[in-house]
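Tertiary structure, described
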Amino acid sequence: MDKMTFKTPLAIAIAAASLGVSGAAMADTTMEERLAELEARIIAAEQRAVAAEQRAAEAEQQRAATADIESDAEIEERLARVERYADGEEGFSFNVYARSGLLIGEDGKSAEGGPYVTPAGPEGGAVGRLGNEPDTYAEAILNYRMRFDNGAKALYRTMIADGTTSSNDWTGGESDINVRQVYAEFSDLPSFTGAFENASIWAGKRFDRDNFDIHWLDSDVVFLAGTGGGIYDMQLADNWKSNLSIYGRSFADFDVVSSEDPGLEGNTDNLILTSNNYFGNWQWMVNGMSAADNDTRDIGAGQEAAENGFHTMVAYHGDSFFGMGEGSYKAAVLHGQGLGAETKNIGANGDLTDDANSTRLALYGTTYLAPKWRIAPSVLAETSEDRFAEGDSYDWATLNVRLANELTENFEMQYEASYQMIDIDPQGYSDRNEVDGDYTKFTIAPTFKPEVGGFWQRPEIRLFATWSDWDDELNDYSATDSFGSDEFTGSQWAFGIQSEVWF
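The structure displayed is predicted, hence computed values, not measured ones.

Along the backbone of the chain there are two helices and 20 strands. Within the chain, buried positions represent 41% of all 503 residues. For the chain, the computed accessible surface area is about 26800 Å², with 55% contributed by carbon and sulfur atoms.

This part takes up the pattern of salt bridges. Tallying each qualifying case throughout the model produces 24 salt bridges. Here arginine 99 ties to glutamate 133 by a salt bridge, and the two come within 3.5 Å at their closest N and O atoms. Separated by 34 residues along the polypeptide, arginine 99 in strand β1 (residues 91-105) and glutamate 133 in the loop between β1 and β2 (136-147) bring together distant segments of the chain. Here arginine 99 matches glutamate 133 in class, with each residue buried. Aspartate 218 is the partner of arginine 129 in a salt bridge, and the nearest nitrogen-oxygen pair spans 3.6 Å.

A word on the environment of leucine 399. Looking at where leucine 399 falls in the secondary structure, it is placed in strand β16 (residues 393-406). According to the relative accessible area criterion, leucine 399 is partly exposed, its value standing at 45%. Here the alpha-carbon distance between leucine 399 and alanine 126, two residues 273 residues apart in the chain, equals 9.9 Å. Once you skip the residues sitting within four places of it in the chain, leucine 399 turns out to touch Ser378, Val379, Ala417, Ser418 and Tyr419.

Next up on the list: the pairing of strand β12 (residues 308-318). In summary, the side chains of a regular strand alternate between the two faces of the sheet. When strand β11 (residues 282-290) meets β12, the two strands line up antiparallel, connected through nine bridges. Each residue of the ladder has a partner; that of methionine 289, found in β12, is glycine 309.

Alignment of strand β6 (residues 212-214) against strand β7 (residues 219-222), held across three bridges, turns out to be antiparallel. From the neighbouring strand, aspartate 213 faces β7, where its bridge partner is aspartate 220. Counting the residues that bridge the hairpin from β6 to β7 gives four residues, and of these aspartate 218 lies at a positive phi of roughly 50°.

Once that is clear, we can look at the nonpolar core. Residues Ile214, Val221 and Met313 are the most contacted members of the largest nonpolar core, which totals 48 residues. Among the elements that take part in this core, β16 stands out by supplying three residues, more than any other. Here valine 221 is in contact with Phe212, Asp213, Ile214, Met313, Ala332, Leu334, Thr343, Lys344 and Ala362, once residues within four sequence places are set aside. If you look at the next biggest cluster of nonpolar residues, it comprises eight residues, including Tyr97, Ile141, Ala161 and Ala225.

Below, the discussion takes up the environment of glutamine 498. In this fold, glutamine 498 is placed in strand β20 (residues 492-502). Accessibility expressed as a relative area gives 3% for glutamine 498, which makes it buried. For the pair glutamine 498 and aspartate 135, spaced 363 residues apart in the sequence, the C-alpha separation amounts to 9.7 Å. Non-local contacts of glutamine 498, meaning those with residues more than four positions away in its chain, are made with Arg99, Ser100, Gly101, Glu133, Glu460, Ile461, Arg462 and Phe464. Within polar-contact distance, the side chain of glutamine 498 engages the side chain of glutamate 133 at 2.9 Å.

Bringing the side chain of threonine 353 into the picture now. The residue threonine 353 is located in the loop between β13 (328-338) and β14 (357-370) in this model. The exposure class of threonine 353 is buried, given its relative accessible area of 4%.

This part covers unusual backbone geometry. Each neighbour pair has its own omega, and for arginine 458 with proline 459 the value is 10°, a cis peptide bond. Position of proline 459 among the secondary structure elements: in the loop between β18 (435-448) and β19 (460-470). Phi at serine 430 is positive, roughly 55°, even though this residue is not glycine. Secondary-structure assignment places serine 430 in the loop between β17 (411-425) and β18. Owing to a relative accessible area of 45%, serine 430 belongs among the partly exposed residues under this scheme. The phi torsion at serine 491 lies on the positive side, around 50°, for a residue other than glycine.

What counts, and at which threshold
- Residues numbered from 1 in each chain as written.
- Predicted model: local features only at pLDDT ≥ 70, side-chain atom pairs only at ≥ 80, totals over all residues.
- Heavy atoms only, no water.
- Helix = DSSP H or I, 4+ residues; strand = E, 2+ residues; numbered from the N terminus.
- Buried < 20%, exposed > 50% of the residue type's maximum accessible area, 1.4 Å probe, protein only.
- Areas by Shrake-Rupley, 256 points an atom, 1.4 Å probe, with all protein chains shown as cover.
- Salt bridge = Lys/Arg side-chain N within 4 Å of Asp/Glu carboxyl O.
- Contact = heavy atoms within 4.5 Å.
- Pairing = 2+ DSSP bridges.
- Core = buried A, V, L, I, M, F, W, Y, C linked by side-chain atoms within 4.5 Å.
- Polar contact = N/O pair within 3.5 Å; in protein donor to acceptor, adjacent residues only side chain to side chain.

That's the geometry; what it means functionally is another story.
In structure tokens, the structure reads:
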């Protein structure tokens with residue numbers, strides 16, 4: 001029979017007695033074990049408590065750190081918004097164009113002048129403007145821009161303009177103050193996708209965003225404006241952006257051709273549908289016009305006004321000086337028929353005949369000839385026929401050169417030479433006479449600036465002396481024209497001072 005072990009208190013006591021171990025010693029050993037076990041449990045509990053406290057501290061530190069990060073993010077967002085407001089990307093902003101000065105003739109009286117002073121002027125034949133402007137003209141542009149939580153943007157713009165040739169400080173009875181633009185434009189609309197992802201929409205009265213000009217002649221190459229709406233920057237292909245718009249312009253207070261009531265008056269709207277397309281540096285613009293009942297107008301010389309029109313422009317916006325170095329240039333050819341024969345101010349002339357046709361060339365560039373010398377040549381020319389009367393013709397061409405020598409960081413000398421060829425046969429329209437002759441102008445202008453550096457740096461204050469001359473025949477063009485008026489018949493000197501500002 002196997003040996004059996006009895007683990008009972010009695011067995012333990014018998015075994016202890018047989019080994020000579022006293023009961024008291026056995027009791028002491030059991031108590032020590034229990035105390036050791038208790039002590040171990042207490043130590044473990046203390047360790048768990050310390051660990052819990054440590055985890056709680058770490059959690060608190062993490063929460064505080066997260067709170068600091070959120071606070072910094074809020075601060076960054078506020079700073080970014082302040083920067084957007086400061087840069088005019090959000091909130092209110094203010095832009096200006098203004099010029100003002102005296103133009104005094106050699107007789108000490110206010111002189112005739114302006115870029116459109118020649119017989120070609122009424123048909124857009126501008127000449128150089130430096131030392132040739134007798135007016136005060138100012139534009140104040142008020143903008144308010146908004147950006148929404150979904151990323152969409154909105155722009156509201158109002159433009160107020162005024163012009164006068166008076167030198168007085170109060171010209172309320174003589175000036176032409178006017179609200180020229182009032183419109184709203186939306187962009188970055190999240191629901192616009194595909195070809196419209198980067199497009200913007202607008203409505204109201206405005207100048208078209210993509211108008212451009214020859215500043216030295218104070219002449220737009222193309223000027224589209226009126227009241228309507230449109231969409232910009234449709235991405236129709238990788239290298240093709242397109243704008244689409246409709247503008248309205250008003251032809252009002254004209255006499256209607258009517259055998260029953262010759263004194264009848266009327267008005268109409270000229271609607272202009274425009275597609276403006278960009279292919280890299282190339283621009284192709286197409287305009288169709290319709291002015292219902294405009295053909296009832298009696299425009300004189302036995303002619304009726306056109307009811308429709310077509311206009312197109314091909315332009316190149318160069319990023320060098322005609323490919324010959326640093327600078328820029330723009331070149332454009334424009335053609336129009338009917339109401340589109342007003343090639344610059346699209347749709348603005350309601351007196352054009354059905355057979356009217358015009359072709360215009362515009363070209364200019366800017367570059368530095370040397371570190372302190374810069375030059376800006378320009379050409380503007382047009383030929384047109386049957387404009388207001390059968391068989392009439394209006395041919396003119398302007399060559400202009402603006403030159404500047406930067407002498408210090410605040411002073412430069414500016415020079416301008418302008419030449420215009422004029423050959424006009426109005427066929428008796430508006431009591432105008434046929435003329436053929438040339439116009440020449442030269443200006444020297446000491447100019448002060450806060451900082452020189454390029455033709456687009458403004459503001460500036462300039463003194464000037466201008467000499468202009470023209471063929472005597474041009475004085476006979478019209479009884480209401482500046483040419484031929486008293487003491488303004490050619491070989492004229494003019495002097496003055498002018499400021500020009502934009503920002």
